[in-house]
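Inside the fold
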Amino acid sequence: MHKDIEKVLISEEEIVEKCKELGAQITKDYEGKNPYVVGLLKGSVPFMAEIVKYIDLDIEVDYMSVSSYSGTESNGDVRIVKDLDCSIVGYDVIIIEDIVDTGKTLNKVKDMMYAKGADSVKICSLLNKQERRLIDINADYVGFEVPNEFVVGFGLDFNQKYRNLPYVGVLKEECYL
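The following paragraphs examine the structure supplied in this document.

Right, let's get into the overall build of the protein chain. Check the secondary structure of the protein chain and you find 3 helices and 9 strands. Listed N to C, the secondary structure of the protein chain is β-α-β-α-β-β-β-α-β-β-β-β in terms of helices and strands. Its C-alpha radius of gyration of 16 Å places the protein chain within 12% of the 16 Å reference for a compact globule of 177 residues. With respect to the principal axes defined by its C-alpha atoms, the protein chain has extents near 50 × 35 × 25 Å. With 177 residues in all, the protein chain has 48% of them scored as buried. In the protein chain, the share of contacts with a sequence separation of at least 24, taken over all contacts with a separation of at least 6, comes to 66%. Carbon together with sulfur atoms contributes 46% to the accessible area of the protein chain, which is approximately 8,900 Å² in total. Taken as two groups, the 21 positive and 32 negative side-chain charges of the protein chain have centres that lie 4 Å from each other.

Let us now look at the environment of Ile-5. One can find Ile-5 in strand 1 (residues 5-10). Residue Ile-5 is classed as buried on the basis of its relative accessible area, which comes to 2%. It is 43 Å that separates the C-alpha atoms of Ile-5 and Gly-32, two residues lying 27 residues apart in sequence. In this structure Ile-5 touches Val-152, Leu-165, Tyr-167, Gly-169, Val-170, Leu-171 and Lys-172, once residues within four positions along its chain are discounted.

This part covers the pairing of strand 5 (residues 92-100). In terms of residue burial, strand 5 counts as a mostly covered element, since 9 of its 9 residues are buried. Two elements, strand 5 and strand 6 (residues 120-128), share 8 bridges in a ladder whose sense is parallel. Bridge pairing in strand 6 places Ile-95 opposite Ile-123. Handedness of the crossover joining strand 5 and strand 6 through helix 3 (residues 104-115): right-handed.

Here helix 1 (residues 12-29) contains 18 residues, and its C-alpha end-to-end distance of 25 Å stays within 8% of the 26 Å for a straight helix at 1.5 Å per residue. Three or more residues of helix 1 are buried, namely Ile-15, Lys-18, Cys-19, Leu-22, Gly-23, Ile-26 and Thr-27. Here the buried face of helix 1 lies against strand 1, helix 2 (45-51), strand 5, strand 6, strand 7 (141-145) and strand 9 (168-171).

Scoring rules and cut-offs
Residues numbered from 1 in each chain as written. Predicted model: local features only at pLDDT ≥ 70, side-chain atom pairs only at ≥ 80, totals over all residues. Heavy atoms only, no water. Helix = DSSP H or I, 4+ residues; strand = E, 2+ residues; numbered from the N terminus. Rg over C-alpha atoms; globule rule 2.2 N^0.38 Å. Buried < 20%, exposed > 50% of the residue type's maximum accessible area, 1.4 Å probe, protein only. Contact = heavy atoms within 4.5 Å. Areas by Shrake-Rupley, 256 points an atom, 1.4 Å probe, with all protein chains shown as cover. Lys, Arg positive; Asp, Glu negative; His and termini not counted. Charge placed at Lys NZ, Arg CZ, Asp CG, Glu CD. Pairing = 2+ DSSP bridges. Right-handed = clockwise from strand over helix to strand, strands pointing away. Expected span 1.5 Å × (residues − 1).

That's the geometry; what it means functionally is another story.
Structure representation (C-alpha cells):
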C-alpha cells in the first residue's frame, strides 16, 4: 500500500470482478446495438480500459475532456477541453466516468450528448458518492458506493497524483489539508 493511503477501500481484484459484471450487463442491455462509449478524461482511463474488455459488442470508443473545477470544487460551468472526434447523431452513448460526486459536470455532459444528437445516453461509473450529490442525476451502471472520504487510485487523483494505484484508497488527510 502507498505511504499516503490511509486504507484500501476497493481492491484491484474487486474492481476487475465488478468490470466483468458491468460489462456483461451492458452487453445484455445493448444486444443488437453498437454503442458509442465515451470516457471522460483523465480519471476514467483505467476503468474504461478494464470494462471494455468485457463488453461483448462492436463498440466505438472515444474520449472527451471537460473541466468544471476551480481549485478543488466544481463550479458547474463545464468547459470542453477535448471534444469527441466523430459525430454521435443516432448513437446510443455510454459515458464512462470514474466517480459521480456532485453530479454537476455529468448533468451538463449528458445534456451535451443529447444536444449533439445522441439517441440515448447512459452513465457507467466506477464509483458513486451519493452523500455529495447536488444535482438529481444517477449513473445507470455503478461499480461501488463510496463514503464521503477523499478517494484516489484507479484513475482518481489528487493534484494529478495517485491515478496509477491499482486500487481505490482513502488519501491521508495530511496529504491534502
